[in-house]
Structures are given as C-alpha cells and as structure tokens.
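One-letter residues, chain by chain:
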Amino acid sequence: DLEPGVDTIYDVDARADGEEQPQLEVSPITMYVTEYAERQFCQIAASASFICYGLRAGQIRVLHKDTAMRSLLRGHTQQIAD
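Residues numbered from 1 in each chain as written. Predicted model: local features only at pLDDT ≥ 70, side-chain atom pairs only at ≥ 80, totals over all residues. Heavy atoms only, no water.

Comments concerning the overall build of the protein chain
Okay, so step 1: Along the backbone of the protein chain there are 0 helices and 4 strands.
Okay, so step 2: A burial count over the protein chain gives 11% of its 82 residues as buried. (Helix = DSSP H or I, 4+ residues; strand = E, 2+ residues; numbered from the N terminus. Buried < 20%, exposed > 50% of the residue type's maximum accessible area, 1.4 Å probe, protein only.)

Laid out in structure tokens, this is it:
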C-alpha cells in the first residue's frame, strides 16, 4: 500500500519469477503523410495534459490526453518546431 506524501519508486524492468512484461494499450493519435527530411528539432510536444504537433498551412493540432478532445489552431506563419 502507498502512503500519501511518501515518495515511491517502481522499477519497471524488475520482474518477479514467472511474471511477464505487461502489454501497454496503444492508441494512435494521428496518421498523415510527410516528406522525409532530417531535422534537428522536435515536431511533437507533450505535457502532462496535452500532445501538440504541427500540420501544414500553419496549423497546430492539440489533443487532450485524458479526454481525447482535440482542437486545431490556425494562422501560424512561422515554422512550427521546438
């Protein structure tokens, strides 16, 4: 049992005898075609609540992690990157 206010560390690589690696649930967030180009910046940003990524024509897609609600921000004129 976990006590409130007490730091706990969980080693995800540690396994008990006979325990298998748990399978994570996967949900795709987007699929779109882009041209390949080597770049030195991130095109996807994530926080505790949101995932954001740039689209074409100055648009930014924002997804809320908990509710899966999404929004589209328009009108950006500069390159979208970190």
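Thoughts on the sheet that holds strand 2 (residues 50-54)
Okay, so step 1: Ordered in space as 1-2-3-4, the 4 strands form an open sheet in which the pairing is antiparallel. Unpaired on one side and paired on the other, strand 1 (44-46) and strand 4 (70-73) mark the two borders of the sheet. Adjacent strand axes in the sheet meet at a mean angle of 15°, parallel and antiparallel pairs treated alike.
Okay, so step 2: Sheet analysis places strand 3 (residues 60-64) next to strand 4, joined by 4 bridges and oriented antiparallel. For Arg61, the partnering residue across the bridge sits in strand 4 and is Leu72. (Pairing = 2+ DSSP bridges. Axes fitted to C-alpha atoms, helices over the stretch in contact; angles between N-to-C directions.)

A look at the pairing of strand 3
Okay, so step 1: Strand 3 sits mainly inside the fold: 4 of its 5 residues count as buried.
Okay, so step 2: In this sheet, strand 3 lies alongside strand 2 in antiparallel orientation, the contact comprising 5 bridges. Residue pairing across strands places Cys52 opposite Val62, the latter belonging to strand 3.
Okay, so step 3: The loop that links strand 2 with its antiparallel partner strand 3 comprises 5 residues; one of these, Ala57, has a positive phi angle of about 60°.

Topic: the side chain of Arg61
Okay, so step 1: Within the secondary structure, Arg61 sits in strand 3.
Okay, so step 2: Here Arg61 is buried and forms no salt bridge, its nearest opposite-charge partner Asp66 lying at an N-O distance of 17 Å.
Okay, so step 3: With residues up to four places along the chain from it excluded, the contact list for Arg61 reads Ile51, Cys52, Tyr53, Leu55, Arg70, Ser71 and Leu72. (Lys, Arg positive; Asp, Glu negative; His and termini not counted. Salt bridge = Lys/Arg side-chain N within 4 Å of Asp/Glu carboxyl O. Contact = heavy atoms within 4.5 Å.)

So, the confidence of the model for the protein chain
Okay, so step 1: For the protein chain, the mean per-residue pLDDT works out to 79, and 87% of the residues sit at or above 70.
Okay, so step 2: At the level of individual helices and strands, the protein chain shows its lowest average pLDDT in strand 1, which scores 83, and its highest in strand 4, which scores 92. (pLDDT = per-residue confidence, 0-100.)

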